[in-house]
Amino acid sequence: MSTALPLLQADPIVAQKPAVDPSTLEHRNLLDGPFWQKIPAYREVDETSFLDHNWQAKNTITNVAKLLKAVEGLVTPQFVADAEEGFKRAPMSVRVSPYLLSLIDWSNPYEDPLRIQFVPLQSRLLPDHPKLDLDSLHEQADAPVAGLTHRYPDKALFLPLDTCPVYCRFCTRSYAVGVDTEEVEKVNLKVSDERWKRAYQYIASRPELEDIVISGGDAYQLRATQLEEIGEALLAMPNVRRMRFATKGPAVMPMKLLTDDPWLDALTRVVDKGRKLHKEVVLHTHFNHPKEITAITQRALGRVFERGIFVRNQSVLQRRVNDTPEVMGLLVKRLGHVNVHPYYVYVHDLVKGVEDLRTTLDTALYLEKFVRGSTAGFNTPVFVVDAPGGGGKRDAHSFEYYDRESGISVFTAPAVKRGQFFLYFDPLDQLSLAAQRRWTDPLEQKVMVEVALQRAKEHVR
Ligand SMILES: *Cc1c(COP(=O)(O)O)cnc(C)c1O
Ligand code: SF4
């Protein structure tokens, strides 16, 4: 028997890692100071007003003319005309908070990642994919009660209302969220005691439902009393074990978490009550770009963290917004830095009027390689495709077949809809010219889809 382990006899000089490249610590560098005063309309606005959620709500811009007026002098007349035409063709209505408006770099609005998400430009729009429709996720088809989608075995999605603190161009729920636009007449999902009661009755009647997502619209828009009512109603059901309130709010109006005490207190009471009942109540939010996380966000989320409220993030992968390893990597690190767990990155759904925002599935596969390994595994998001046709979320890597030439990928979802196949389509302008030409012919489209399904069937087990 040897007396010492070989390791202990090894040379004591340990290889030194080279000094850290400061750019890798960029996630800690958060925008601070009165950045909003760069916007002419907010030049005189002090910090107390800017951090007041009522001021933010009151000054939120809900029409195109006012939005463009607010940035008058900062942008060119061509940009204004481009945006006016863009909004005319958009499926979403306008809603931009002063905070969000202030984060946009108006000296370079064509490239700004926040402008891209909230202000459509006619010059950048692309024709929709031929396979695209509104409500591509079939949320309405899977809804036993209006605004309650029961797709997965043990969880349901409850949409108590149809408004949000802002309206995102890329919204998957453009079939319902916001007011009617020139392009789209919306399904009605207003706050309604009657509709909510039917949703509660359905949830209580299904013993398999353990997990309820309360989304919208957006939980930020619920009054404190409404939020608590929903929380209490669901916590009282023995079958409900988990609940998430979903809100874009922390990304677009973080000050509400600092100054709307009744709302945060109501959420805290529901979380605390849930904890006593051994039920999980968490907040889900939606940051897409590292620029959306400022020193204000950090203070706001610090307050949430102190109260023991767990926050997860879901991002939407968008072209020219977060489709590079640098930006996605920074977003993931910065979320971790402000105590938010990156949960999902969605490959952009097939949504009308935003073809310019979609990426290929291959982009998601590529980005994932750079993100995984850069930080804690539990802070590493899963890249998912929400399978069109109601298959639910699938790991982007789990396709049965993917033809990068035609841009068609095929997924199965045995735990959700066994035996069915679900297709996702890359945006046409990202395909080869030959493939783009094939897509212009309906007969060729049919052939490409049939071949993809055939290959998937050969592969699936
Ligand atoms: C996303 C979603 C859920 C929640 O799914 P998780 O993967 O648990 O986050 C539930 N119901 C519907 C309809 C959904 O789209
Ligand atoms: S906040 Fe969410 S639900 Fe509301 S418009 Fe944006 S993506 Fe849609």
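In this text, all values refer to a predicted model and were calculated from it rather than measured experimentally.

Trainee: I tried to follow the site of ligand 2 on my own but got confused; where do I start?
Mentor: If you check the shell around ligand 2, you find Met92, Cys164, Val166, Tyr167, Cys168, Cys171, Val177, Gly217, Lys248 and His286 and nothing else. Spatially, ligand 2 is embedded in the largest cavity. Considered class by class, the residues forming the shell around ligand 2 number seven nonpolar, two polar and one charged.

Trainee: Honestly, the domain arrangement of the protein chain in this entry has me stumped. Any pointers?
Mentor: Many analyses report the size of an interface as the accessible area lost when the parts associate. Along its sequence, the protein chain is organised into domain 1 (32–388) and domain 2 (399–461). If you average the C-alpha positions of domain 1 and of domain 2, the two centres end up 29 Å apart. Counting from both sides, the interface comprises 22 residues of domain 1 and, opposite them, 20 residues of domain 2. Each partner contributes to the roughly 1,800 Å² buried at the junction of domain 1 and domain 2, and carbon and sulfur atoms together form 67% of this total. Of all residues in domain 1, the largest losses of buried area upon contact with domain 2 belong to His129, Lys131 and Leu361, amounting jointly to 26% of the total for that side. For the pair domain 1 and domain 2, the interface holds three salt bridges. Among the salt bridges present, the one from Asp362 reaches Arg404, with a minimum N-O distance of 2.9 Å. Our enumeration of links across domain 1 and domain 2 arrives at eight residue pairs in polar contact (both at pLDDT 80 or more). Broken down by element, the side of domain 1 that touches domain 2 gets its largest block of residues, three residues, from helix α15 (residues 361–371). Taken together, the residues of the side of domain 1 that touches domain 2 sort by class into 11 nonpolar, four polar and seven charged.

Trainee: Just checking my understanding: could you explain helix α12 (residues 261–276) for this structure?
Mentor: Note: α-helices contain 3.6 residues per turn, so residues at a spacing of three or four share the same orientation. If you check α12, its first and last C-alpha atoms are 22 Å apart, about what 16 residues at 1.5 Å a residue would give, namely 22 Å. Taken residue by residue, α12 has Trp263, Leu264, Ala266, Leu267, Thr268, Val270, Val271 and Gly274 as its buried positions. In this structure, the buried side of α12 is in contact with α9 (224–235), β4 (242–246), α11 (256–259), β5 (280–285) and α13 (295–306). His278 occupies a position one or two residues after α12 and carries a positive phi of about 60 degrees.

Trainee: When you look at unusual backbone geometry in this model, what are you seeing that I'm missing?
Mentor: Peptide bonds are, in most cases, trans, and in most cases residues other than glycine have a negative phi. Phi at His278 takes a positive value of approximately 60 degrees, unusual for a residue other than glycine. Looking at the secondary structure, you find His278 in the loop between α12 and β5. The exposure class assigned to His278 is exposed, which follows from its relative accessible area of 63%. Although it is not a glycine, Arg320 adopts a positive phi angle of roughly 65 degrees. Structurally, Arg320 can be placed in the loop between β6 (311–317) and α14 (325–337). For Arg320, a relative accessible area of 29% translates into the label partly exposed.

Trainee: What is the right way to look at the site of ligand 1 in this model?
Mentor: Near ligand 1 the following residues occur: Thr149, Arg151, Tyr152, Lys155, Leu157, Val213, Arg244, Tyr343, Tyr344 and Lys393. Residue Lys155 places a side-chain N or O atom 2.6 Å away from an oxygen atom belonging to ligand 1. Taking Lys393, its side chain carries an N or O atom lying 3.2 Å from an oxygen atom of ligand 1. For ligand 1, whose free accessible area comes to 380 Å², the fraction covered by protein is 92%. When atoms are counted within 2 Å of each cavity's grid points, the one that captures over half of ligand 1 is the largest cavity. Looking at the shell around ligand 1, the elements with two or more residues in it are β2 (155–158) and β7 (341–347). Of the residues that constitute the shell around ligand 1, the class distribution is five nonpolar, one polar and four charged.

Basis of the calculations
- Residues numbered from 1 in each chain as written.
- Chains lettered and ligands numbered in written order.
- Predicted model: local features only at pLDDT ≥ 70, side-chain atom pairs only at ≥ 80, totals over all residues.
- Heavy atoms only, no water.
- Near = heavy atom within 4 Å.
- 1 Å grid on protein atoms, 1.4 Å probe; cavity = no way out; pocket = protein on both sides within 12 Å on 5 of 7 lines; lining within 4 Å.
- Sits in = over half its atoms within 2 Å of the grid points.
- Nonpolar A, V, L, I, M, F, W, Y, C, P; charged D, E, K, R; others polar.
- Domains from an automatic or database assignment.
- Contact = heavy atoms within 4.5 Å.
- Buried area = accessible area lost by both parts, 1.4 Å probe.
- Salt bridge = Lys/Arg side-chain N within 4 Å of Asp/Glu carboxyl O.
- Polar contact = N/O pair within 3.5 Å; in protein donor to acceptor, adjacent residues only side chain to side chain.
- Helix = DSSP H or I, 4+ residues; strand = E, 2+ residues; numbered from the N terminus.
- Expected span 1.5 Å × (residues − 1).
- Buried < 20%, exposed > 50% of the residue type's maximum accessible area, 1.4 Å probe, protein only.
- Areas by Shrake-Rupley, 256 points an atom, 1.4 Å probe, with all protein chains shown as cover.

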